[in-house]
Amino acid sequence: MTEASKIPAQSGGQVATGEEQRRSPVDERRRKTGPLHTERGDTTIEETVVQKLAGMATREVPGVYTMGSAARRAFSAMAERIPGAQTNVSGGVMVEKGELQTAIGVSIVVDYGTSIVEVSQGIRRNVIQAVERATGLEVLEVNVHVTDVHLPDDDRQEAETQKSPALQ
């Protein structure tokens, strides 16, 4: 290639060939591959969609009592008492999402007597399968943060508190 056939590039002082200059943005978009980017258009997925899918998949795992930190659970409990309010299935789920990949973090409370290792493995397996199947995104990692252990005595104390109006 001769110096005359090279065209100056837009940045960095590098030189681009005529072919590189002729590529359109559509050609660049087609270079992205995967189920979300096709020749007929792109599909975008909001982080909230991934949060809800991961939240539902996490709740399906035996040994998960609830999700989120104590403050998050208290807020959700109050919000659920509002007539017509929807259950927040994405509470306790954090998502970092790119165009083709995502990383997910979940905060959970486990039931006493369950293996945290087995529950964590079940969550990873379930979340990866649910999110990848539903969205086509590659799940790079699922980090599990155990915030508490639910004890059987906790249910009895909660039931007694709800029965006794003097304590409320």
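Residues numbered from 1 in each chain as written. Predicted model: local features only at pLDDT ≥ 70, side-chain atom pairs only at ≥ 80, totals over all residues. Heavy atoms only, no water.

**Q** Which parts of the structure should I look at to understand the overall build of the chain?
**A** Scanning the chain from terminus to terminus reveals six helices and eight strands. Each of the 168 residues in the chain was classed as buried or not, and the buried ones make up 26%. Element-wise, carbon and sulfur atoms account for 50% of the exposed surface of the chain, whose accessible area totals about 11700 Å². (Helix = DSSP H or I, 4+ residues; strand = E, 2+ residues; numbered from the N terminus. Buried < 20%, exposed > 50% of the residue type's maximum accessible area, 1.4 Å probe, protein only. Areas by Shrake-Rupley, 256 points an atom, 1.4 Å probe, with all protein chains shown as cover.)

**Q** What exactly am I supposed to notice about the side chain of Thr135 here?
**A** Following the sequence through the fold, Thr135 ends up in helix H5 (residues 116–135). A distance of 2.5 Å separates a polar atom in the side chain of Thr135 from the backbone oxygen of Val131. Polar side-chain contacts of Thr135 include one of 3.1 Å to the backbone nitrogen of Leu137. In contact with Thr135, not counting residues within four places along its chain, are Leu36, Ile45 and Leu53. (Polar contact = N/O pair within 3.5 Å; in protein donor to acceptor, adjacent residues only side chain to side chain. Contact = heavy atoms within 4.5 Å.)

**Q** Just checking my understanding: could you explain helix H3 (residues 47–59) for this structure?
**A** In an α-helix, one turn spans 3.6 residues; hence positions three or four apart end up facing the same way. The terminal C-alpha atoms of H3 lie 18 Å apart, and with 13 residues this matches the ideal 18 Å at 1.5 Å per residue to within 8%. Considered for burial, the residues of H3 that qualify are Val50, Gln51, Ala54, Gly55, Ala57 and Thr58. All buried residues of H3 fall inside an arc of 165° around its axis, so they share one side. Close packing links the buried residues of H3 with strand E5 (64–67), strand E6 (93–97), strand E7 (101–111) and H5. (Expected span 1.5 Å × (residues − 1). Arc of directions from axis to C-beta.)

**Q** Please clarify how H5 should be interpreted in this entry.
**A** Over its 20 residues, H5 extends 28 Å from the first C-alpha to the last, a length consistent with the 28 Å expected when each residue adds 1.5 Å. Along H5, the residues classified as buried are Val119, Ser120, Gly122, Ile123, Val127, Val131 and Thr135. Angular distribution of buried residues about the axis of H5 spans 160°; they occupy a single face of the element. Facing away from the buried side of H5 by over 90 degrees, the exposed positions are Val117, Glu118, Arg125 and Arg133. Considering only its buried residues, H5 is in contact with H3, E5, E7 and strand E8 (138–150). Two residues or fewer past H5, Gly136 is found with a positive phi of approximately 80°.

**Q** Just checking my understanding: could you explain the nonpolar core for this structure?
**A** Most often, soluble globular proteins have nonpolar side chains that are buried together. One finds Ile104, Ile108, Ile123 and Val127 to be the most contacted residues of the largest nonpolar core, which totals 21 residues. Elements with a minimum of two residues in this core: H3, E5, E6, E7, H5 and E8. Here Ile123 is in contact with Thr58, Val61, Val64, Val106, Ile108, Val142 and Val144, once residues within four sequence places are set aside. (Core = buried A, V, L, I, M, F, W, Y, C linked by side-chain atoms within 4.5 Å.)

**Q** Mind showing me how you'd approach the pairing of E6 here?
**A** Each regular strand shows side chains that alternate between the opposite faces of the sheet. Note: E6 against E7, five bridges, orientation antiparallel. Directly across from Val93, in E7, lies its bridge partner Val106. Counted along the chain from E6 to the antiparallel partner E7, the turn is three residues long. (Pairing = 2+ DSSP bridges.)

**Q** Mind showing me how you'd approach the confidence of the model for the chain here?
**A** Atomic detail in the predicted coordinates should be set aside for any region of low pLDDT. Taken as a whole, the chain shows an average pLDDT of 79; of its residues, 60% reach a score of 70 or greater. Predicted confidence in the chain is weakest over strand E1 (residues 7–8), with a mean pLDDT of 48, and strongest over H5, with 98. (pLDDT = per-residue confidence, 0-100.)

**Q** I would appreciate a short explanation of the packing of H3 against H5 in the present structure.
**A** Two elements in contact, H3 and H5, have axes separated by 8 Å at closest approach and are oriented at 140°. With respect to each other, H3 and H5 are oriented oblique. Two packed elements cross with a definite hand, and for H3 against H5 that hand is right-handed. In contact with Val50, Leu53, Ala54, Ala57 and Thr58 of H3, H5 contributes Ile123, Asn126, Val127, Ala130, Val131, Ala134 and Thr135. Residues that form the contact of H3 with H5 fall into these classes: nine nonpolar, three polar and no charged. (Axes fitted to C-alpha atoms, helices over the stretch in contact; angles between N-to-C directions. Parallel < 35°, antiparallel > 145°, perpendicular 65-115°, else oblique. Left-handed = near helix turned anticlockwise from the far one by under 90°. Nonpolar A, V, L, I, M, F, W, Y, C, P; charged D, E, K, R; others polar.)

**Q** Sorry, what's going on with a nonpolar patch on the surface here?
**A** A cluster of nonpolar residues, Tyr112, Val149 and Leu151, forms a patch on the protein surface that exposes about 280 Å² of accessible area. Within the fold, Val149 resides in strand E8. (Patch = residues over 30% accessible without salt bridge, like charges linked within 9 Å, V, L, I, M, F, W, Y side chains within 5 Å. Salt bridge = Lys/Arg side-chain N within 4 Å of Asp/Glu carboxyl O.)

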